[in-house]
Amino acid sequence: GTRFAVSCREQRIGTIELIIPGKQNVLNALAAIAVADQLQVPFEKMAAALGEFTGAKRRFERKFDDHGIVVVDDYAHHPTEIRATINAAKTLGYKRVIAAFQPHRYTRTQALCAEFATAFRQADKLFLTEVYAASEQPIPGVSGQSICDAVVGTGQENVAYEADLEVLTGKLAAVAQPGDLLLIMGAGNIYKVAAGVAEMLQQRGRQAAPPARDLGKELQGQLSRHAVVRAGEPMSRHTTMRVGGPAELWVEPWDEADLARLLKFCRAQQVPILLIGRGTNLLVRDGGIRGVVAQLSSEHFTRVTVDGERIMAGGGARLKHIVNEAKTNELGGFEFLEGIPGSLGGALRMNAGAMGQQTFGVVDRVRYMSLTGETYEADAKTIPVSYRSCPLFASHVAVSAILRGRQVARAEIDARLREYSERRWATQPPQPSAGCVFKNPTLAPAGKLIDESGLKGTSIGGACVSPKHGNFIVNEGGATARDVLQLIGLVRERVRQERGIELETEVMIVGEER
Ligand code: EPU
């Protein structure tokens, strides 16, 4: 199982142990905690109930998960359920969500046809089949085809009708490609299609010829056994914006020696490599990232230790962790990092800042590695930095750093942290985002310019200019990188036209178009 501690605003609430492991289940459990809290269910009672839960049949039930293809069977049969299920599926980071739906009962199909017409909007591809009668008599003119016509009538593309469930099974298996989530929905007997597709894909897997070259395997052979190497990892899982296609290879090196081996391997094999922090300032395009995407997330890179007024931290250490260690040891000066959700390496790369201060203001020394695997150390004062940029780390990896604080009473640190946190929650949105999208031009803050241009609340797809802060684009669920990029384009265009100011993005934009 998975055991995790639950804290809220740094206060430990308790521990939950789940029988079914997995990040998604942990996230589900956290959502349940929030609901239980609203209903005033005691934590222990709710934790025990969650711990016993083993999943429900036909509720986002995974029937197949292999070769980068997932088949899900779901009972959704009402337009609102269908929309919610597809939108949820879209947040999971698959390249395509391919939906199949069997309408349930003629009366419902007739009554809700207009709602069905727009319920599948977020699906990349849609198959509709015949109505499951559930003991009703057919109604003339009401069929799966009539829903199909209504959907096509809204302008949605890639929609097909297939009355025969067996033929539908074959068609779904045939279109499935790595990176796809097949979402098969309905309350009738369409679960047979989900089972059939799973079986056909299993068969296909057994017959498939091995790929000509498996870079992941070769790389795994070069790295320590603790290193993580995964193919086709959705980057939406590793970015706070929660959008982005898959990384061809996702790698978490174990220690410095592993990192050096990884960099040397990529150089020798001419495989592009991108080091990321916690993905807080990163926008990955929907086609994903070719080559290796690496993150320093093992315990070797996330350690934080304190010695007098110095803090030694790995490049992968979370800023929040550093702030907490500093507080425990009554070291002041790091409070401004409280609201920056990234890692130390990412903060060094971007010279991240908040509350009028910047990362390099608290750094003493930095240890870093070249892309050829050599390690260096430097006094931070000798490293050129500017507002939201440190060019050295565009071509080097920040392995660790020594930060310097000053002794301050804990109450004072607490008060400052509270003040910053309150200020941030009052001005910044809680929804998934990549932080501020644009750098502040010298003339006026980007948020103010966007606010004055009247663009707050404007949305494209699932992406929206936050009504709370103009310089944030938030993912309201189901956004794609394309939506976000289009919105960025729209904002830049409007501010250019109205104010003659060229906004420059602060978020890093990487990857390929789908
Ligand atoms: N403002 C508006 N309307 C808005 C948003 C802002 O009029 O919709 C005005 C505010 O009233 C204020 C000014 O614009 O007078 C500046 O806004 P704010 O104080 O929120 O700060 P910011 O310049 O927008 C910067 C950093 C943030 C950091 C905050 C808090 C940049 C691009 N942004 O925001 O950093 O959290 O200060 O210190 O430098 C990030 O880098 O991702 C980030 C979020």
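Below is a short write-up of the structure. (Residues numbered from 1 in each chain as written. Predicted model: local features only at pLDDT ≥ 70, side-chain atom pairs only at ≥ 80, totals over all residues. Heavy atoms only, no water.)

## What about the overall build of the protein?
Our working definition: Put simply, DSSP marks the helices as runs of H or I at least four residues long and the strands as runs of E at least two long, and each gets a number from the N terminus on. Relative accessibility under 20% of the residue-type maximum defines a buried residue, over 50% an exposed one, and the middle range a partly exposed one, all with a 1.4 Å probe and only protein chains included. Residue contacts are counted whenever heavy atoms from the two residues lie within 4.5 Å of one another. Positive charges come from Lys and Arg alone, negative charges from Asp and Glu alone, with His and the N- and C-terminal ends not counted. Each charge is placed at NZ for Lys, CZ for Arg, CG for Asp and CD for Glu.
Within the protein, the secondary structure is distributed over 16 helices and 27 strands. Taken along its principal axes, the extent of the C-alpha atoms in the protein is 80 × 55 × 55 Å. Looking at the protein as a whole, 48% of its 514 residues are labelled buried. Long-range contacts, defined as pairs at least 24 residues apart, comprise 69% of the intrachain contacts of the protein with a sequence gap of at least 6. In the protein, 61 side chains carry a positive charge and 57 a negative one; their mean positions are 2 Å apart.

## Looking at the pairing of strand 13 (residues 289-295)
Where we set the bar: In this analysis, strands are considered paired if DSSP registers two or more bridges between them.
Within strand 13, six of the seven residues are buried, which leaves it mostly tucked inside the rest of the structure. One ladder, built from four bridges, connects strand 10 (residues 246-252) with strand 13; its direction is parallel. Its bridge partner lying in strand 13, W250 is registered against V293. Pairing analysis gives four bridges linking strand 11 (residues 273-276) to strand 13, with the strands arranged parallel. The partner of L274 across the bridge, within strand 13, is V293.

## Observations regarding the pairing of strand 26 (residues 472-475)
Burial along strand 26 is two-sided: F472 and V474 facing one way and I473 and N475 facing the other are all buried. Both strand 25 (residues 463-465) and strand 26 contribute to a ladder of three bridges, which runs antiparallel. If you follow V465 over to strand 26, its bridge partner there is I473.

## Regarding the nonpolar core
Put simply, the rule reads: Within this scheme, the nonpolar core is defined by two criteria: the residues are buried Ala, Val, Leu, Ile, Met, Phe, Trp, Tyr or Cys, and they are joined through side-chain atoms within 4.5 Å.
Residues I311, I322, F334, L344, L348, F393 and L403 are the most contacted members of the largest nonpolar core, which totals 34 residues. For this core, the secondary structure elements donating two or more residues are strand 15 (310-314), helix 12 (319-328), helix 13 (344-350), strand 19 (363-370), strand 21 (396-404) and helix 14 (410-427). Here this core gets four residues from one element, more than from any other, and that element is helix 12. Excluding anything up to four places from it in sequence, L403 contacts E309, R310, I311, I322, F334, L344, V362, V363 and D364. Core analysis: the next-biggest nonpolar cluster, separate from the first, contains 25 residues, V97, A119, A123 and L183 among them.

## Considerations on the sheet that holds strand 15
Test applied: The convention used is that axes are lines fitted to C-alpha atoms, helices contributing only their stretch in contact, and that angles between N-to-C directions extend from 0 to 180 degrees.
In space, the five strands of this open sheet follow the order 14-15-21-19-20, with antiparallel pairing throughout. Single-partner strands in this sheet number two, and they are strand 14 (304-307) and strand 20 (375-379). Averaged over all pairs of adjacent strands, the angle between their axes in this sheet comes to 20°, without regard to strand direction. Bridge analysis of strand 19 against strand 21 gives seven bridges, and the strand direction is antiparallel. In the sheet register, M369 faces strand 21, and the bridge partner there is V397. Running at roughly 45° to strand 19, helix 10 (residues 256-269) makes contact with strand 19, strand 20 and strand 21 of the sheet. Docked against the sheet, helix 12 engages strand 14, strand 15 and strand 21, running at close to 30° with respect to strand 14.

## Some words on empty space enclosed by the protein
Definition in use: Cavities and pockets are found on a 1 Å grid laid over the protein atoms alone: a cavity is a set of points where a 1.4 Å probe fits but cannot escape, a pocket is an open set with protein on both sides within 12 Å along at least five of seven lines, and a lining residue has an atom within 4 Å of such a point. Grid points are joined across faces, edges and corners, and a volume is the space filled by probe spheres set on the points. Just so you know the grouping, Ala, Val, Leu, Ile, Met, Phe, Trp, Tyr, Cys and Pro go in nonpolar, Asp, Glu, Lys and Arg go in charged, and all remaining residues, Gly too, go in polar.
All told, the structure shown has two cavities of 30 Å³ or more when counted by the stated rule. Counted as a void, the largest cavity has a volume near 120 Å³. Around the largest cavity, the lining is made up of 14 residues, and of these K90, Y94, D286, A479 and R514 lie nearest the centre. By residue class, the composition of the lining of the largest cavity is three nonpolar, six polar and five charged. Put simply, the second largest cavity is a space of about 30 Å³. Lining the second largest cavity, in full, are M241, L283, A434, V437, I473, V484, I488 and V507. When grouped by side-chain class, the residues that make up the lining of the second largest cavity number eight nonpolar, no polar and no charged.

## A few points about helix 8 (residues 191-207)
The periodicity of an α-helix, 3.6 residues per turn, causes residues three or four positions apart to be oriented the same way. Rule in force here: Here, expected helix span is obtained from the residue count minus one, scaled by 1.5 Å.
Between its terminal C-alpha atoms helix 8 stretches 25 Å, which fits the 24 Å expected from 17 residues at 1.5 Å a residue. Restricting attention to buried positions, one finds in helix 8 the residues V193, A194, G196, V197, A198 and L201. Residues of helix 8 that are buried make contact with strand 3 (61-66), strand 4 (69-74), helix 7 (165-175) and strand 8 (180-186).

## A look at the sheet that holds strand 4
Two modes of strand pairing occur in sheets, parallel and antiparallel, and in both the strands are linked by backbone hydrogen bonds. The strand order across the open sheet formed by six strands is 3-4-8-5-6-7, and the pairing between neighbours is mixed. What marks the edges here is a single partner per strand, and that holds for strand 3 and strand 7 (159-161). Across the sheet, the mean angle from the axis of one strand to that of its neighbour is 15°, orientation sign disregarded. Bridge count for strand 4 against strand 8 is five bridges, and the pairing is parallel. Bridging from a neighbouring strand, V72 pairs with L183 of strand 8. Running over the sheet, helix 3 (residues 79-90) touches strand 4, strand 5 (96-102) and strand 8 and is turned about 165° from strand 8.

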